[in-house]
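Chain and residue survey
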Amino acid sequence: MEVFANVGMNASTLSLNSNVNESVATSNSATNTTRLTSANAATVLQSPTDGTISGSGVSADQVLVSDQTAAGESGAVATAATTVFNNDLTDETGLAVTNSTVSMNGNKTTAQAISNSATNSVTLDVDNLDATGALANYQTSTQPTFASTTTSVRLSQQNSGAVSLLSGSTASADGNSAMARATGNSSTNTVTLAGTNVDAGTVNTNVNLTTSGTLFADAAFLLLNDTSNAGAVTANSTSNVYQIDLLSSGGTVLDSTASLSSNSVQAQATGNSASNIMNIGQDGTMTSISSNAGVVNSQSNTASIEANASATVQATIDTLASSGTYAVSGTSISLNDNSTVALARGNVSTNLLNVTSTGADGGNGTGTVTAASQTVQATYGALNAQTNNGAVTGEVSGASYQTLLNQGSTYAGGGAASGANISVTGNTIQAYGYGNISTNGVTLSAMSGGGNDATIAAGNIQTNTGAIGAIVTGSNIGTTSLGQVTGSNLSVGGNSLSATAVGNFAVTNVIRN
């Protein structure tokens with residue numbers, strides 16, 4: 001996509017703002033919903049009376065199953081390229097911007113590629129519930145997944161005459177973004193139970209959740225996510241340029257404001273991503289629950305995951321004049337709060353089970369988590385099992401946030417800045433590589449009532465054998481000038497560079513109120 005206009009003007013306004021270029025490639029996409037609303041719902045199961053999931057077999061009164069496979073030879077590929085520029089940049093007369101405003105702000109470039117995408121929800125809104133429910137999501141990707149973005153937002157003028165190309169004016173390239181996101185498998189799975197009384201499944205028994213060998217889950221209410229990625233996942237957001245580039249034989253910028261701030265570049269590559277949430281009684285109307293429930297997440301990545309990002313954010317201003325003339329006079333130049341991020345992850349998940357009821361008396365008072373057998377047993381339990389065997393790398397290469405005064409090859413001895421304010425602050429360059437990430441939680445709120453013997457447990461099991469890398473290389477942040485600087489303020493501070501590589505990372509909360 002190209003967006004352009006001439007910028008030579010007097011007492012005028014030019015806006016090249018809020019343009020959107022988006023490319024989306026998805027091999028398989030599904031939205032599945034089942035909802036039961038009733039005063040009463042009874043089970044039809046005879047034996048066992050709980051819901052069960054064994055491998056790919058699912059049994060319950062209310063069942064939703066989603067199964068996706070992506071195995072295309074070419075895979076899912078999304079690319080987007082955007083150029084925003086002034087069309088008179090090749091005009092040798094270099095028409096000036098005088099008492100005017102030029103803005104190139106808020107332009108957005110996005111490329112998103114997903115091999116499998118699913119949004120699944122099961123809702124049981126029943127006053128007296130004796131029926132069981134299960135949601136199971138299965139995804140397998142063996143194909144490549146690739147997303148790429150490139151962006152150029154650039155104001156450029158040259159004039160060999162002794163003129164000010166920006167005089168009494170404002171020029172900005174702020175708030176632009178470039179995002180490349182590639183994901184092998186992505187799912188959002190939600191189970192919601194609402195009502196007054198729940199008496200489903202086998203009372204006074206624990207759920208049985210295991211991911212060792214064949215996936216197995218046994219409970220009145222179940223949510224299972226099982227995904228596997230074996231195809232390379234790559235996200236590239238590179239060759240991104242945000243620039244104001246001005247050259248003349250006079251005082252090139254006079255009594256003006258130039259800004260290149262809050263621009264963002266991000267590359268994000270993920271093998272498997274899942275959000276698994278079960279909410280029971282969260283509407284506050286449940287008075288009694290004599291049942292059990294479980295959330296299980298199993299993810300495996302064996303492929304390479306790569307995220308690559310780069311950006312050049314520069315104000316390049318030169319004067320061809322000799323001494324006595326300044327490239328910048330009475331002017332403010334800001335390069336603040338820009339960011340370049342590369343994020344690569346093998347597996348990432350959120351697994352939450354929330355139960356709220358006046359009384360919860362469906363348990364037997366015991367709960368266990370056995371890591372060796374990857375098993376959780378409790379009235380309400382959550383189990384996360386993630387394995388990453390692929391190389392995961394996030395890299396930012398050659399990122400640059402700079403103001404460059406008189407840095408061209410034609411410098412003739414002119415001054416750099418007089419009465420100017422130049423700031424390069426709050427900019428960030430970050431690279432991340434993670435093998436496995438999870439956020440897990442089980443919360444039981446039984447405010448009153450006797451016999452509240454329900455138990456809760458959460459298990460997190462993560463295995464990483466892949467090489468995890470986070471790299472930041474060839475970065476430059478600051479201000480550089482040739483020639484005299486007089487009566488000016490130059491600030492370079494609060495900028496940061498970081499690289500973080502982690503094999504396994506998890507946050508697990510178990511809360512009993």
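Refer to the structure printed above.
Residues numbered from 1 in each chain as written. Predicted model: local features only at pLDDT ≥ 70, side-chain atom pairs only at ≥ 80, totals over all residues. Heavy atoms only, no water.

**Notes on the overall build of the protein chain**
The condition that has to hold: By the criteria applied, helices consist of DSSP H or I runs no shorter than four residues and strands consist of E runs no shorter than two, each listed in order from the N terminus. Summary of the burial criterion: residues with accessible area below 20% of their type's maximum are buried, those above 50% are exposed, and those between are partly exposed, where the area comes from a 1.4 Å probe applied to protein chains only. It only takes one pair of heavy atoms within 4.5 Å for two residues to be counted as in contact. Charge assignment in this entry is limited to Lys and Arg as positive and Asp and Glu as negative, and neither His nor the chain termini are counted. Just so you know, the charge point we use is NZ for Lys, CZ for Arg, CG for Asp and CD for Glu.
Helix and strand content of the protein chain: 0 helices and 45 strands. Considered along the principal axes of its C-alpha atoms, the protein chain spans approximately 95 × 45 × 35 Å. Residues classed as buried in the protein chain amount to 52% of the 513 residues present. For the protein chain, contacts bridging at least 24 residues in sequence account for 92% of all contacts bridging at least 6. Of note, the protein chain has its 6 positive side-chain charges centred 3 Å away from the centre of its 25 negative side-chain charges.

**Overview of the sheet that holds strand β6 (residues 57–59)**
To be explicit about the condition: Two strands qualify as a pair provided that DSSP identifies no fewer than 2 bridges between them. Throughout, an axis means a line fitted to C-alpha atoms (over the contacting stretch in the case of helices), and angles, computed between N-to-C directions, take values from 0 to 180 degrees.
The strand order across the open sheet formed by 6 strands is β6-β5-β19-β18-β33-β32, and the pairing between neighbours is antiparallel. Whereas interior strands pair on both sides, the edge strands pair on one side only; in this sheet they are β6 and β32 (368–370). Pairs of neighbouring strands in the sheet enclose a mean axial angle of 5°, with direction left out of account.

**Observations concerning the nonpolar core**
To keep it simple, the criterion reads: We call a set of buried Ala, Val, Leu, Ile, Met, Phe, Trp, Tyr and Cys residues a nonpolar core when their side-chain atoms join them within 4.5 Å.
Counting 61 residues, the largest nonpolar core has Leu-260, Val-328 and Ile-333 as the members making the most contacts within it. Here this core takes 7 residues from strand β27 (residues 305–319), the largest share from any one element. Apart from the residues lying within four places of it in its own chain, the contact partners of Val-328 are Val-253, Ile-317, Ile-333, Leu-405, Ala-416, Ala-417, Ser-418 and Ala-420.

**Here's the deal with the pattern of salt bridges**
Applicable threshold: Here, a salt bridge means any side-chain nitrogen of Lys or Arg that lies within 4 Å of a carboxyl oxygen of Asp or Glu.
Summed over all chains, the structure comprises 2 salt bridges. A salt bridge links Asp-125 to Arg-35, with the nearest nitrogen and oxygen atoms 3.8 Å apart. Of this pair, Asp-125 sits in strand β11 (residues 108–129) while Arg-35 sits in strand β4 (residues 20–41), and the two are 90 residues apart along the sequence. A residue is classified by how much of its surface remains accessible, and Asp-125, at 25% relative accessible area, is partly exposed. Linking Arg-154 and Asp-245 is a salt bridge whose minimum nitrogen-to-oxygen distance equals 3.0 Å. You can see Arg-154 sitting in strand β13 (residues 145–159) and its partner Asp-245 sitting in strand β21 (residues 233–248), a full 91 residues away along the chain. When its relative accessible area of 26% is taken as the criterion, Arg-154 is described as partly exposed. You can call Asp-245 buried: its relative accessible area is 14%.

These figures come from the coordinates and say nothing about function on their own.
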